[in-house]
Amino acid sequence: MDGSKKSEEVEEVASRRVWRSLAVVFVVAVIAVPFALINSSFSMLGHGTDETLHTLLRVSALLGFSFLFLQIVTGAFRPALRRVFKPRTLYRAHTAFGLAGLAFIVCHFVFLIPSLGEHWAKLNHGFFVLGPIMLFVLLLTISTALVLRKLLPGAWNRLHILNYVVFTVAAIHALGIGTQTTMLATRLIFAAYLMAAVAGLAYRASSPSWRSKFLPAPVRMRAPRG
Ligand code: HEM
């Protein structure tokens, strides 16, 4: 191997390492956001069951939303991320983010159960019901991805695109009835996440091979005889 090729390789390995470190910092920052946003409410933990449960239901909601965001990003930008990470690592991270998101959303619901009636009475019912509906759709997209991926690849792909809908509608649910989402900082972060999700979808849709998974096969025209 000649010197210039070797130095090119060394440079590539170094740049991959930099990108990987940046990606890890990004993931840690996204997971830290809910704690930073809800920081002042942590003093409420231990101040009575109601306050504790309310804080926990909000932290788990924001963490669930953050993990869903990481799931969307690792799914949408997979082709670009493959230049830096191994496909297997990416798949594992994507699955782990989705499952963590689902687990936190289930906790969000469980912590809400004792005050369900009280919340239902005082909040907008339209925004409220979007939560349970999205939880149901999320269960559907994640379970089909885990079970049907190999059995029914076409059906699985079409269902999995619903994750973009879950993410967007969950944001509407949170902005409509959340406590923390009245803060400007939370709104700005939600807006940035939504824009990244739209960019991710546009990036994916720009690939003809990805589009072909969802669109019916083009009708081939037969050349007229004679
Ligand atoms: C994919 C599913 C869901 C996601 C991603 C989600 C996410 C969120 C987020 C981020 C908030 C804002 C928290 C805050 O501002 O402090 C929120 C608030 C809320 N969610 Fe959900 N949620 C989901 C499902 C549910 C379900 C299943 C229910 C109830 C059956 C529910 C009921 C509520 C209520 C009552 C609030 C207002 C809490 C408050 O601040 O007082 N959500 N949700």
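Residues numbered from 1 in each chain as written. Predicted model: local features only at pLDDT ≥ 70, side-chain atom pairs only at ≥ 80, totals over all residues.

Caption draft 1: Molecular detail of the overall build of the chain. Within the chain one finds ten helices and zero strands. Secondary structure of the chain in N-to-C order comes out as α-α-α-α-α-α-α-α-α-α. When its C-alpha atoms are laid out on the principal axes, the chain stretches across 75 × 60 × 30 Å. Looking at the chain residue by residue over its 226 residues, the buried ones come to 23%. Nonlocal contacts in the chain, meaning residues at least 24 apart in sequence, comprise 71% of its contacts between residues at least 6 apart. (Helix = DSSP H or I, 4+ residues; strand = E, 2+ residues; numbered from the N terminus. Buried ≥ 20, exposed ≤ 12 C-beta atoms within 10 Å, placed from the backbone. Contact = placed C-beta atoms within 7 Å.)

Caption draft 2: Structural detail: the site of the ligand. Around the ligand there are 27 residues in total, and Gly131, Ala174, Gly178, Thr179 and Gln180 lie nearest to it. Secondary-structure elements contributing two or more residues to the shell around the ligand are α2 (49-76), α4 (87-112), α6 (125-148) and α8 (162-177). Considered class by class, the residues forming the shell around the ligand number 17 nonpolar, nine polar and one charged. (Near = placed C-beta within 6 Å. Nonpolar A, V, L, I, M, F, W, Y, C, P; charged D, E, K, R; others polar.)

Caption draft 3: Structural view of the packing of α8 against helix α9 (residues 184-205). At a closest axis distance of 11 Å, the pairing of α8 and α9 adopts a crossing angle of 165°. Comparing their axes, α9 and α8 come out roughly antiparallel. When you trace α8 past α9, the crossing you get is left-handed. Contacts between α8 and α9 involve Tyr164, Phe167, Thr168, Ala171 and Leu175 on the former and, on the latter, Phe190, Leu194, Ala197 and Leu201. Of the residues assigned to the contact of α8 with α9, the class counts are eight nonpolar, one polar and no charged. (Axes fitted to C-alpha atoms, helices over the stretch in contact; angles between N-to-C directions. Parallel < 35°, antiparallel > 145°, perpendicular 65-115°, else oblique. Left-handed = near helix turned anticlockwise from the far one by under 90°.)

Caption draft 4: Just the environment of Val28, in detail. For Val28, the position within the fold is in helix α1 (residues 3-38). Since 9 C-beta atoms lie within 10 Å of it, Val28 is described here as exposed. Each C-alpha atom, one on Val28 and one on Val110, is 25 Å from the other, the two residues being 82 residues apart in sequence.

Caption draft 5: Representation of α1. Over its 36 residues, α1 runs 54 Å from end to end, which matches the ideal 52 Å to within 8%, given 1.5 Å per residue. Its maximal kink placed at Ala32, α1 deviates by approximately 35°, while the proline Pro34 follows within four residues. Judged by how many residues are buried, α1 sits mostly at the surface: two of 36 residues are covered. (Expected span 1.5 Å × (residues − 1). Bend = angle between axes of the 7 residues up to and from the residue.)

Caption draft 6: Structural detail: the nonpolar core. Counting 31 residues, the largest nonpolar core has Phe65, Leu68, Phe69, Ile72, Phe167 and Ala170 as its most contacted members. When residues in this core are grouped by element, the largest group, 13 residues, is from α2. Apart from the residues within four sequence positions on either side, Phe65 is in contact with Ala170 and Ala174. (Core = buried A, V, L, I, M, F, W, Y, C linked by C-beta atoms within 7 Å.)

Caption draft 7: Just the environment of Ile142, in detail. Relative to the elements of secondary structure, Ile142 occurs in helix α6. With 40 residues separating them along the chain, Ile142 and Leu102 place their C-alpha atoms 8.4 Å apart. Excluding anything up to four places from it in sequence, Ile142 contacts Gly98, Leu99 and Leu102.

Caption draft 8: Quick peek at the environment of Thr49. Among the structural elements, Thr49 can be located in helix α2. With 65 residues separating them along the chain, Thr49 and Pro114 place their C-alpha atoms 9.9 Å apart.

Caption draft 9: Region of interest: the packing of α4 against α6. Running from N to C, α4 and α6 point in directions that differ by 150°, and their axes come no closer than 11 Å. One way to sum up the angle between α4 and α6 is to call them roughly antiparallel. At the point where α4 passes α6, the crossing takes the left-handed sense. In this structure, α4 contributes Gly98, Leu99, Leu102, Ile105 and Phe109 to the contact, and α6 contributes Leu135, Leu138 and Ile142. Within the contact of α4 with α6, the residues separate by chemical class into seven nonpolar, one polar and no charged.

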